[in-house]
Amino acid sequence: EQAIKQYQRCQAALQQELDLSPMPKTTELYERVVAARQAIPPLLPMTDGRFVGRQQELHQLVDMLLAPAQRLITIVGFGGIGKTRLAIAAAEQMNRELSVTFLNGVLFAPLANIFNAEDLPFLLAELLGVLLNSQRNPDEQLIAALRNREMLLILDNFEQLMAASPLLLKLMTHCPHIKLLVTSREPLYLSMESRLNLDGLAYPKDEFVADFNTYDALQYFEQSAQQRQPAFALTAKNAPDAIRLSRVLAGSPLALRLAAQWLRTIRMAKMVAKRASDM
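Below is a summary of the structure that appears in this document. Just so it is clear, the structure is predicted and the values come from calculations on it, not from any experiment.

Turning to the overall build of the protein, a few remarks are in order. Scanning the protein from terminus to terminus reveals eleven helices and five strands. The buried share among the 279 residues of the protein stands at 44%. Taking contacts inside the protein between residues at least 6 apart in sequence as the whole, the part at least 24 apart equals 73%. When the accessible area of the protein is evaluated, it comes to approximately 15600 Å², of which 53% is carbon and sulfur surface.

The following block contains the structure:
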């Protein structure tokens, strides 16, 4: 808002005092800001609770998305490690703070239930609101629809669609303003790929810590437990069991969330013992 007002004041002053117009690049930036403000916010999946931890990874991912040379980025990690949540958090931050970056917005494509590579262009076209002609090559039609768009495409859970990797290369080659953010359990092994490897949330190595909030795994476990038991809090009494639990679960967000949901019926100490015996 302030940038728009400043441009308008500058434009009026230049016109009145010098009979000049702002520099073309300044005008182009102004038009991008105006277009971004008018754009419809991206339709991203709803998430439970606030984004806990991963600040370093979030900053790294946003930097990668802003780098012109990095146009195909893959977040790689085991199932339940938080790949989707990180991708959504980055898209939310960029839409909130840097919406001018992708003039035509962000498209989130959930692929967990897509197993045939040939279905991918049709799914993307449907999400874009583009009707494909069944008599023509679907890849070429999708490329034509995206060629002049400036967008971030988030392809979530791509691991079962590795056969569709050639389509990603085509998009990178023929759609110069498209950037792809892929989440996958394994790398794509493409020449243009930049990877962000994701591990579990940080947890203490010592069972006795002074500040629980310095460890992402403990913060996430506490938040997850509070969704079922609002009064739950980590204390000096229950923290050792929570620490041991985060350790045996290797900081996996999905495993921590599931464990937190069982707190009403199973004590943490028992969960830790059972998990340890299963390993």
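If you add up the space inside the largest pocket, you get close to 520 Å³. What lines the largest pocket is a set of 24 residues, among which G82, R85, Y220, P253 and R257 lie closest to the centre. Secondary-structure elements contributing two or more residues to the lining of the largest pocket are α4 (83-97), α8 (216-228) and α10 (253-261). The greatest single-element share of the lining of the largest pocket, amounting to four residues, is contributed by α8. Taken together, the residues of the lining of the largest pocket break down into eight nonpolar, nine polar and seven charged.

Attention shifts here to unusual backbone geometry. At R54, a residue that is not glycine, the phi angle is positive and equals roughly 60°. If you trace the backbone, R54 turns up in the loop between α2 (24-38) and α3 (55-66). At A250, a residue that is not glycine, the phi angle is positive and equals roughly 55°. Residue position: A250 is located in the loop between α9 (239-248) and α10. The partly exposed category is assigned to A250, whose relative accessible area is 44%.

With respect to the secondary-structure elements, E193 resides in strand β5 (residues 193-197). In terms of polar contacts, E193 uses its side chain to reach the side chain of R195, at 3.3 Å. If we ignore the near neighbours within four places in the chain, the residues touching E193 are L72, T74, P187 and L188.

Between side chains of opposite charge, pairing is possible as soon as their charged atoms come close. On inspection of all chains with the given rule, the structure shows five salt bridges. Where E159 meets R185, a salt bridge forms, and the shortest distance between an N and an O atom there is 3.8 Å. Taken together, the residues E159 in the loop between β3 (151-156) and α7 (165-174) and R185 in the loop between β4 (178-184) and β5 connect sequence positions 26 residues apart. Taking the relative accessible area as the measure of exposure, E159 reaches 17% and is therefore buried. Given a relative accessible area of 53%, R185 falls into the exposed group.

What follows is about the nonpolar core. In terms of nonpolar packing, the biggest core is built from 28 residues, with L146, L155, F158 and L180 touching the most fellow members. Going through the elements one at a time, β2 (106-110), α5 (120-128), α6 (138-146), β3, α7 and β4 are the ones with two or more residues in this core. With residues up to four places along the chain from it excluded, the contact list for F158 reads L111, L120, A164, S165, L168, V182, T183, S184 and L188. L65, M94, L196 and L198 belong to the second-largest nonpolar core, a separate cluster that totals 25 residues.

Okay, α8 next. Spanning 13 residues, α8 covers 19 Å between terminal C-alpha atoms, matching the ideal 18 Å at 1.5 Å per step. Of the positions making up α8, those classed as buried are A217, L218, Q219, Y220, F221, E222, Q223, S224 and A225.

The next thing to look at is the environment of I114. Within the fold, I114 resides in the loop between β2 and α5. What makes I114 buried here is its relative accessible area of 18%. Distance in space between the C-alpha atoms of I114 and L161 is 7.7 Å, their sequence separation being 47 residues.

We now examine the sheet that holds β4. Reading across from one edge, β2-β3-β4-β1-β5 is the order of the five strands in this open sheet, with parallel pairing throughout. At either end of the open sheet lies a strand with only one pairing partner, and these are β2 and β5. Sheet twist, expressed as the average angle between the axes of neighbouring strands with direction ignored, equals 20°. Contacts from α3 reach β1 (72-76), β3, β4 and β5, with the element oriented near 170° to β5.

Turning our attention to α7. Every buried residue of α7 is listed here: S165, L167, L168, L171 and M172. The buried residues of α7 occupy an angular sector of 155° when the element is viewed end-on, so they sit on one face. Against β1, α5, α6, β3 and β4 lie the buried residues of α7.

Reading the values: rules and limits
Residues numbered from 1 in each chain as written. Predicted model: local features only at pLDDT ≥ 70, side-chain atom pairs only at ≥ 80, totals over all residues. Heavy atoms only, no water. Helix = DSSP H or I, 4+ residues; strand = E, 2+ residues; numbered from the N terminus. Buried < 20%, exposed > 50% of the residue type's maximum accessible area, 1.4 Å probe, protein only. Contact = heavy atoms within 4.5 Å. Areas by Shrake-Rupley, 256 points an atom, 1.4 Å probe, with all protein chains shown as cover. 1 Å grid on protein atoms, 1.4 Å probe; cavity = no way out; pocket = protein on both sides within 12 Å on 5 of 7 lines; lining within 4 Å. Points joined across faces, edges and corners; volume = space filled by probe spheres on them. Nonpolar A, V, L, I, M, F, W, Y, C, P; charged D, E, K, R; others polar. Polar contact = N/O pair within 3.5 Å; in protein donor to acceptor, adjacent residues only side chain to side chain. Salt bridge = Lys/Arg side-chain N within 4 Å of Asp/Glu carboxyl O. Core = buried A, V, L, I, M, F, W, Y, C linked by side-chain atoms within 4.5 Å. Expected span 1.5 Å × (residues − 1). Pairing = 2+ DSSP bridges. Axes fitted to C-alpha atoms, helices over the stretch in contact; angles between N-to-C directions. Arc of directions from axis to C-beta.

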